[in-house]
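Residues per chain, in single letters:
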Amino acid sequence: MLVILGLTGCAPAGNEPSASPTASPTGSPAPSPAPRAAPLTLYYVVLGDDGASGEPIGCGDSLVAFETDSVVTDDVLRASIERLLADPERELGGTPPRYSAIPGGTLAYVSGEVDGGTVTVQLTGAPAPAGECDNPRIEAQLKRTAMAATGATAAVVLVDGELIEDVLSLR
């Protein structure tokens with residue numbers, strides 16, 4: 001079950017959610033965690049501030065974490081990526097004003113898993129960047145949101161089995 005409530009005051013996040021469950025030492029799947037209420041950490045872009053608000057990316061922009069209201073979920077990775085993909089507008093307002101390079105495409109979450117320190121997210125569909133500057137923004141938003149959801153130190157995003165970098169390079 002997933003309940004999505006909205007972004008809180010659009011304030012940048014301070015804490016990232018804890019890691020998702022992993023397989024048990026015996027190799028069998030870990031039991032599914034009970035649903036819990038916690039905010040999600042989603043990454044958005046602050047346009048044209050040359051990294052002043054967060055991690056520098058794209059065309060002189062910043063990648064910044066924003067925290068949602070609490071949601072009830074047993075899969076923080078799925079909830080985070082689905083929430084990021086669900087934003088219908090590119091210009092999202094707030095302080096600082098948030099931008100998402102993701103709207104307009106048909107990307108949908110399929111699955112995700114953590115192996116060691118790397119989270120792999122499987123998507124289907126197609127991105128729809130609004131210009132060449134959106135390519136690194138889309139990649140960064142997806143990867144950093146997945147890393148925040150799982151506690152991973154690296155992320156791989158696949159779209160219909162192809163690396164997101166390769167898919168975006170064709171657009």
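Relevant structure appears above.
Residues numbered from 1 in each chain as written. Predicted model: local features only at pLDDT ≥ 70, side-chain atom pairs only at ≥ 80, totals over all residues. Heavy atoms only, no water.

On to the overall build of the protein. The helix and strand tally for the protein stands at three helices and 10 strands. Classification of the 171 residues of the protein by burial places 40% in the buried group. Pairs at least 24 residues apart make up 67% of the contacts formed inside the protein by residues separated by at least 6 positions. Carbon and sulfur atoms form 53% of the exposed surface of the protein, whose accessible area is close to 8,000 Å². (Helix = DSSP H or I, 4+ residues; strand = E, 2+ residues; numbered from the N terminus. Buried < 20%, exposed > 50% of the residue type's maximum accessible area, 1.4 Å probe, protein only. Contact = heavy atoms within 4.5 Å. Areas by Shrake-Rupley, 256 points an atom, 1.4 Å probe, with all protein chains shown as cover.)

On to helix H2 (residues 134-150). Spanning 17 residues, H2 covers 24 Å between terminal C-alpha atoms, matching the ideal 24 Å at 1.5 Å per step. In terms of burial, H2 is largely enclosed, as 14 of its 17 residues are buried. A positive phi of about 80° marks Gly 151, the residue just after H2. (Expected span 1.5 Å × (residues − 1).)

By the definition in use, this model includes one aromatic pair. When the centroid spacing of 6.0 Å and the interplanar angle of 65° are considered together, the rings of Tyr 44 and Phe 66 count as edge-to-face. In this pair, Tyr 44 sits in strand S2 (residues 36-46) while Phe 66 sits in strand S4 (residues 61-73), placing the two residues 22 residues apart along the sequence. Owing to a relative accessible area of 0%, Tyr 44 belongs among the buried residues under this scheme. (Phe/Tyr/Trp six-rings, centres within 6.5 Å; stacked < 30°, edge-to-face > 60°.)

One pass over the structure, following the stated rule, counts one disulfide. Each sulfur of the disulfide joining Cys 59 and Cys 133 lies 1.8 Å from the other. Looking along the S-S bond of the Cys 59-Cys 133 disulfide, the torsion reads about -95°, which is the left-handed sense. With Cys 59 in the loop between strand S3 (55-57) and S4 and Cys 133 in the loop between strand S8 (118-124) and H2, this pair connects stretches of sequence that are 74 residues apart. Here Cys 59 falls in the partly exposed class, since its relative accessible area comes to 41%. (Disulfide = S-S within 2.5 Å.)

This paragraph deals with helix H1 (residues 76-86). Since the α-helix turns once every 3.6 residues, residues separated by three or four places project in the same direction. Counting buried positions along H1 gives eight out of 11 residues, so the element sits mostly inside the fold. Within the sequence span of H1, burial applies to Val 76, Leu 77, Ala 79, Ser 80, Ile 81, Arg 83, Leu 84 and Leu 85. Two to three positions downstream of the cap, the backbone nitrogen of Leu 77 sits 3.3 Å from a side-chain oxygen, assigning the N-cap of H1 to Asp 75. (Polar contact = N/O pair within 3.5 Å; in protein donor to acceptor, adjacent residues only side chain to side chain.)

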